[in-house]
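Understanding the architecture of this molecule
In case you want the letters, here they are:
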Amino acid sequence: MASHFVSSKAQRLNQGNRVVMLSTFRAMVIGDSGTYDVQQFGGRWRCNCKWGVTCAHRGPCSHVLAVQAATPENQAAVAPLAAVLNAGLAKMQADAQARLAADKAELEALFKIA
Ligand SMILES: [Zn+2]
């Protein structure tokens, strides 16, 4: 169970629009002393802040609680930017895979001739 201090800090992070959902399983939280990477693995959220790395077994940090309470309305204004960047990355990956497939086809054609 999260302490009152941790949950009120999480509430303040949400009210300050400091959560950016990058995907369903990954978020960035702009904390008081750094920006943290919060990711979900096997149904559990993990954060790379000091508490998240060393004390997560004692309960979630404020960043994880803020991500769990994130709504489209309380996310950072840069959330649309994150969506654009994610779409751009997905397109770059698709383009790279298409180039790879084209190169492979070209190589196979060369070997057939030889
Ligand atoms: Zn954290």
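Preceding block: the structure.
My aim in this report is to walk through the structure given alongside it, one point at a time. For clarity, every value in this text was computed on a predicted model and none was experimentally measured. (Residues numbered from 1 in each chain as written. Predicted model: local features only at pLDDT ≥ 70, side-chain atom pairs only at ≥ 80, totals over all residues. Heavy atoms only, no water.)

**Details of unusual backbone geometry**
Rule in force here: Strands are runs of DSSP state E lasting at least two residues, helices are runs of H or I lasting at least four, and both sets are numbered from the N terminus onward. Here's how the labels work: a residue is buried when its accessible area is under 20% of the maximum for its type, exposed when over 50%, partly exposed in between, all with a 1.4 Å probe on protein chains only.
One non-glycine residue, asparagine 17, lies in positive phi territory at about 55°. Assignment of secondary structure puts asparagine 17 in the loop between helix H1 (4-15) and strand S1 (19-23). For asparagine 17, a relative accessible area of 32% corresponds to the partly exposed category.

**Observations regarding the coordination of the zinc ion**
Each pair of donors in an ideal octahedron of six around a metal sits at 90 or 180 degrees, and each pair in an ideal tetrahedron of four sits at 109.5 degrees. Condition: The donor set covers N, O and S atoms within 2.8 Å of the metal, switching to 3.2 Å for Na, K and Ca, and it leaves out water, so a site may look short of donors. Only two sets of limits are used to name each site, 85 to 135 degrees for every angle of a tetrahedral four-donor site, and over 155 degrees for opposite donors with all other angles from 65 to 115 for a square planar four-donor or octahedral six-donor site, with any other site named irregular.
At this site the zinc ion is bound by Cys47 (SG), Cys49 (SG), Cys61 (SG) and His63 (ND1), with donor distances of 2.1 to 2.3 Å. For the zinc ion, the 4 donor atoms in the first shell make angles of 106 to 112° at the metal, so the coordination geometry reads as tetrahedral. Read from N- to C-terminus, the donor residues coordinating the zinc ion fall into the pattern C-x1-C-x11-C-x1-H. With cysteine 47 in strand S4 (residues 44-47) and histidine 63 in helix H3 (residues 62-68), the pair connects residues that are 16 residues apart, well separated along the chain.

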